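Take a look at the letters that make up each chain.
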Amino acid sequence: MCKTTPEVKLRRVPLPFEAGSASESVVSQPSARFSPANTPLAAPTPVRILALETSETAGSLAALDDERLLGQVVLDTRRRSAQTLAAGLQTLWKEIPWQPRDVQLVAVTAGPGSFTGLRVGVTTAKILAYAVGAELLGVDTLEVLAQAVPAEVAQVAVAVDAQRGQVVGQAFRRQGSGWFEPLDEQRLVDFSAWLTALPPDMAVAGPLFRKLAPDASQQTPGLSGRDCFAAAATAEWVGRVAWRHYQAGQRGDPWTLLPHYSRLAAAEEKWRQRNVES
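In this report, the structure presented in the accompanying data block is examined. As the structure is a prediction and not an experimental result, all values here were calculated from the model. (Residues numbered from 1 in each chain as written. Predicted model: local features only at pLDDT ≥ 70, side-chain atom pairs only at ≥ 80, totals over all residues. Heavy atoms only, no water.)

**Some details on the overall build of the protein chain**
Formally: Each helix is a run of DSSP H or I of at least 4 residues and each strand a run of E of at least 2, with the numbering of both proceeding from the N terminus. With a 1.4 Å probe rolled over the protein chains alone, any residue whose accessible area is under 20% of its type maximum counts as buried; one over 50% counts as exposed, and the rest are partly exposed. Note on contacts: a residue pair qualifies if any of its non-hydrogen atoms lie within 4.5 Å across the two residues.
The secondary structure content of the protein chain amounts to seven helices and 13 strands. Looking at the 278 residues of the protein chain, the share that counts as buried comes to 49%. Within the protein chain, contacts between residues at least 6 apart in sequence are counted, and of these 67% link residues at least 24 apart.

**So, unusual backbone geometry**
Of note, the amide linkage connecting G111 to P112 takes the cis form, showing an omega dihedral of 0 degrees. On the secondary structure map, P112 appears in the loop between β6 (105–111) and α2 (115–132). The phi dihedral of Q163 is positive, around 70 degrees, even though this residue is not glycine. In this structure, Q163 sits in the loop between β8 (155–161) and β9 (166–174). Within the chain, R164 stands out as a residue other than glycine whose phi angle is a positive 60 degrees. The residue R164 is located in the loop between β8 and β9 in this model.

**Let's talk about the pattern of salt bridges**
What counts, and what does not: In the sections that follow, a salt bridge refers to a side-chain nitrogen of Lys or Arg positioned within 4 Å of a carboxyl oxygen of Asp or Glu.
Here the structure, examined in full by the defined rule, presents seven salt bridges. Across the pair R68 and D65 runs a salt bridge whose closest N-O atoms are separated by 3.4 Å. Exposure remark for D65: the relative accessible area of 14% places this residue in the buried category. Residues joined in a network through salt bridges with shared partners are E143, E181 and R244.

**Looking at the nonpolar core**
Filter applied, for reference: Only buried residues count toward a nonpolar core, which is a set of Ala, Val, Leu, Ile, Met, Phe, Trp, Tyr and Cys residues joined through side-chain atoms within 4.5 Å.
Counting 36 residues, the largest nonpolar core has V156 and V158 as the members making the most contacts within it. The biggest single contributor to this core is helix α6 (residues 235–247), with seven residues. Look past the residues within four positions of V156 in its chain and what remains in contact with it is A146, V149, Q170, A171, F172, F180, M202, A203, V204 and A205. Residues L89, A110, A129 and L136 belong to the second largest nonpolar core, which totals 24 residues.

**What to know about the packing of aromatic side chains**
Rules: Each Phe, Tyr or Trp ring (for Trp, its six-membered ring) is paired with any other whose centre lies within 6.5 Å, and the angle between the two planes then decides the class: stacked below 30 degrees, edge-to-face above 60, tilted in between. As a reminder, the over-ring test applies to NZ of lysine and CZ of arginine, requiring each to be within 6 Å of the ring centre and within 35 degrees of the ring normal.
With the rule as written, the count across this model stands at five aromatic pairs. Here the aromatic residues F191, W194 and F209 are joined through ring pairs into a cluster of three or more. Against the face of Y246 rests R251, its NZ or CZ located 3.6 Å from the ring centre.

Here it is, written out as structure tokens:
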């Protein structure tokens with residue numbers, strides 16, 4: 001059976017436009033996850049990171065000093081991130097010891113993932129970075145999902161739903177530093193073919209596994225007997241992955257950063273097909 005990572009809820013935090021209603025937004029403590037021991041030393045003054053994760057329908061926001069989580073807001077899963085992102089940011093500012101002008105690095109998942117979610121997240125991250133004079137980094141969704149699996153996992157294959165029975169998948173192996181590095185390139189492939197081609201001792205991870213029935217591990221070819229982690233990507237790990245890349249000297253460009261999609265949208269594919277045929 002696929003495993004999910006429970007969120008440590010401190011208290012219910014209604015979004016500003018939901019006063020008096022039951023909100024699903026929460027502020028979470030740093031998860032008791034593995035933190036690589038040999039990560040490069042941080043500068044004496046922590047880098048203040050605002051992280052956005054919108055690769056799925058909903059999403060999350062987080063604030064970090066280097067890789068130390070200060071607070072995380074999980075957006076309302078009943079609404080799309082485009083509807084809750086601004087209000088979620090307002091909630092986050094109230095829970096952390098600094099303000100928007102203090103942000104030094106804005107990190108965001110650049111894909112693969114939801115068309116609308118990625119567009120909203122990347123656009124918001126660009127605007128925020130430009131407005132406060134912060135640097136910007138886009139990080140890969142599959143890497144974020146891989147780095148978040150438990151410490152005892154040595155290798156993992158990560159996938160996100162690409163619709164039409166397909167996934168975007170990639171395999172990772174944990175290095176001596178504690179971080180995962182990719183074993184292959186990302187591929188758009190049929191889900192069943194991807195799963196059955198994996199080595200039998202390789203774990204799998206990704207939010208698409210939440211859609212499977214509780215007994216699906218016994219019914220889905222290639223899944224039986226595997227460790228399966230069905231948690232979605234979180235802003236906490238977007239920030240941690242971005243901090244690692246930032247420490248390694250990577251920098252992004254707000255003018256050129258674009259979402260990375262697994263395929264064209266259905267409407268775009270139809271438009272191209274009509275124009276090719278004509």
